[in-house]
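Breakdown of the fold
Given next are the chains, with one letter for each unit.
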Amino acid sequence: MSERPGVLSEAQIQRYARHILLDEIGGTGQARLLRARVLAIGAGGLGSPAILYLAAAGIGTIGVVDDDRVSLSNLQRQVLHTTAHLGRLKTDSAAVGVAALNPEIRVIEHAQRLDAHNALDLIGGYDLVLDGSDNFATRFLAADACHLAGRTLVSAAILRFDGQLATFKSHLGPPHPCYRCLYREPPPPETVPSCAEAGVLGALAGTLGAWQATEAVKELLDIGDSLSGRLMLYDALSATVRKLAVPRDPDCPLCGPQATIRDLSCHGRA
Ligand code: ZN
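Let me begin by describing the structure that accompanies this report. (Residues numbered from 1 in each chain as written. Predicted model: local features only at pLDDT ≥ 70, side-chain atom pairs only at ≥ 80, totals over all residues. Heavy atoms only, no water.)

This model, assessed by the stated rule, comprises 4 aromatic pairs. Arranged with centres 6.4 Å apart and planes meeting at 45 degrees, the rings of Phe-136 and Phe-140 form a pair that is tilted. Placement of the pair is Phe-136 and Phe-140 together in helix H7 (residues 136-149), with a separation of 4 residues, close to one helical turn. Aromatic pair Phe-168 and Tyr-179: ring centres 5.6 Å apart, planes at 85 degrees, arrangement edge-to-face. Here Tyr-179 lies in helix H8 (residues 179-182) and Phe-168 lies in strand S6 (residues 162-168), a separation of 11 residues in the sequence. A residue is classified by how much of its surface remains accessible, and Phe-168, at 6% relative accessible area, is buried. Take Tyr-179: its relative accessible area is 5%, and that puts it in the buried class. Taken together, Phe-136, Phe-140, Phe-168, Tyr-179 and Tyr-183 form an aromatic cluster joined through their ring pairs. (Phe/Tyr/Trp six-rings, centres within 6.5 Å; stacked < 30°, edge-to-face > 60°. Helix = DSSP H or I, 4+ residues; strand = E, 2+ residues; numbered from the N terminus. Buried < 20%, exposed > 50% of the residue type's maximum accessible area, 1.4 Å probe, protein only.)

In structure tokens:
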């Protein structure tokens, strides 16, 4: 790291040269990225490419929440992990992978599940959150906690050949919608197949995870058009992308004026 905060070292100027060339980033933006703290929920199919690109981009501190261990069926898409790391905690494997790519990045390992007891503290310790979890219970918990903690959320999901991506920053007020403006309640678990049941194209995880990292960098630097208020739908089989408007719902139980969700007790907090 540089001796003086905000001033890049010679090695950093070389490492991030292609960023520094971009008018929208430059040396000032790169220094901001080095000071940024991003939390990745899940170090799986989406988290793997997202974490790698965040680390390569010089996001100074990356938190990783995952209580799972690397298994052989993960390696078809979870490119942060290797065959040599089978059986290791994904947080541990992620820290090793990031260190090999960019040793100046600090990885904070949270080898636990995101739950109603830890979500606000965990999320409150970071500037921005990437959700790459694989189930609706965690997605709703992450979305509620990000709104309540006042943090921007970049959320992605994949199944079979389909992916979707959206940014939520409803804590800033209208017109920004929250996740519950888009999906009011989690669907009954038995109605939604998982990737383990229905399959997923490995490279699709790379597409959506890298896309999350791109939107995270844009939000951290406040450049370009935010995806807040939009839902991107990617159909890999037909090679089509659709962008749908997501309006703020005035009856939303999380971000509406009559909001009923004021803490995480609906997620099982005692
Ligand atoms: Zn809402």
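Within the protein, Cys-178 (SG), Cys-181 (SG), Cys-252 (SG) and Cys-255 (SG) serve as the donor atoms for the zinc ion, at 2.2 to 2.3 Å. In this structure, the zinc ion is surrounded by 4 donor atoms whose angles at the metal cover 95 to 119 degrees, and the resulting shape is tetrahedral. Here the donor residues of the zinc ion are spaced in sequence according to C-x2-C-x70-C-x2-C. Note on accessibility: Cys-178 and Cys-181 belong to one class, buried. (Donors = N, O, S within 2.8 Å, 3.2 Å for Na, K, Ca; no water. Tetrahedral: all angles 85-135°; square planar, octahedral: opposite > 155°, others 65-115°.)

A word on the pattern of salt bridges. Counted under the stated rule, the structure contains 7 salt bridges. The residue Asp-92 makes a salt bridge to Arg-88 at a minimum N-O spacing of 2.7 Å. Asp-92 sits in the partly exposed class, given a relative accessible area of 25%. We note a salt bridge from Arg-180 to Glu-185, for which the minimum N-O separation is 3.9 Å. (Salt bridge = Lys/Arg side-chain N within 4 Å of Asp/Glu carboxyl O.)

Turning our eyes to something else, we now look at helix H5 (residues 90-101). A rise of 1.5 Å per residue sets the reference length of H5, with its 12 residues, at 16 Å; its end C-alpha atoms lie 16 Å apart and thus fit the reference within 8%. For H5, every residue scored as buried is listed here: Lys-90, Thr-91, Ser-93, Ala-94, Ala-95, Gly-97 and Val-98. Its buried side turned inward, H5 meets helix H4 (47-56), strand S2 (61-65) and strand S3 (106-110). (Expected span 1.5 Å × (residues − 1). Contact = heavy atoms within 4.5 Å.)

By secondary structure assignment, the location of Leu-254 is in the segment after strand S8 (240-245). The sequence separation of Leu-254 and Cys-181 amounts to 73 residues, and the corresponding C-alpha distance is 8.2 Å. Residues contacting Leu-254, with those up to four places away along its chain left out, are Ala-143, Asp-144, His-147, Cys-178, Arg-180, Ala-259 and Ile-261.

Attention shifts here to the nonpolar core. Of all hydrophobic cores here, the largest spans 42 residues; its most connected members are Ile-51, Leu-54, Ile-59, Ile-62 and Leu-130. With 8 residues, helix H10 (residues 202-221) is the single largest residue contributor to this core. Contacts of Ile-59, omitting those with residues within four sequence positions, involve Leu-33, Ala-36, Val-38, Leu-54, Ile-105 and Leu-220. Counting 24 residues, the second-largest nonpolar core is a separate cluster that includes Leu-114, Ala-145, Phe-168 and Tyr-179. (Core = buried A, V, L, I, M, F, W, Y, C linked by side-chain atoms within 4.5 Å.)

Taken together, Phe-161, Leu-201 and Leu-237 make up a surface patch of nonpolar side chains, about 280 Å² in accessible area. Structurally, Phe-161 can be placed in the loop between strand S5 (152-159) and S6. (Patch = residues over 30% accessible without salt bridge, like charges linked within 9 Å, V, L, I, M, F, W, Y side chains within 5 Å. Areas by Shrake-Rupley, 256 points an atom, 1.4 Å probe, with all protein chains shown as cover.)

Next up on the list: the sheet that holds S8. The strand order across the open sheet formed by 8 strands is S3-S2-S1-S4-S5-S6-S7-S8, and the pairing between neighbours is mixed. One side of each edge strand has no neighbouring strand; the edge strands of this open sheet are S3 and S8. Averaged over all adjacent pairs, the angle separating strand axes in this sheet is 15 degrees, with direction ignored. Across 6 bridges, strand S7 (residues 230-235) lies against S8 in antiparallel orientation. For Asp-235, the partnering residue across the bridge sits in S8 and is Thr-240. Its contacts with the sheet put H4 on strand S1 (37-41), S2 and strand S4 (128-131), and the angle it makes with S2 is roughly 165 degrees. (Pairing = 2+ DSSP bridges. Axes fitted to C-alpha atoms, helices over the stretch in contact; angles between N-to-C directions.)

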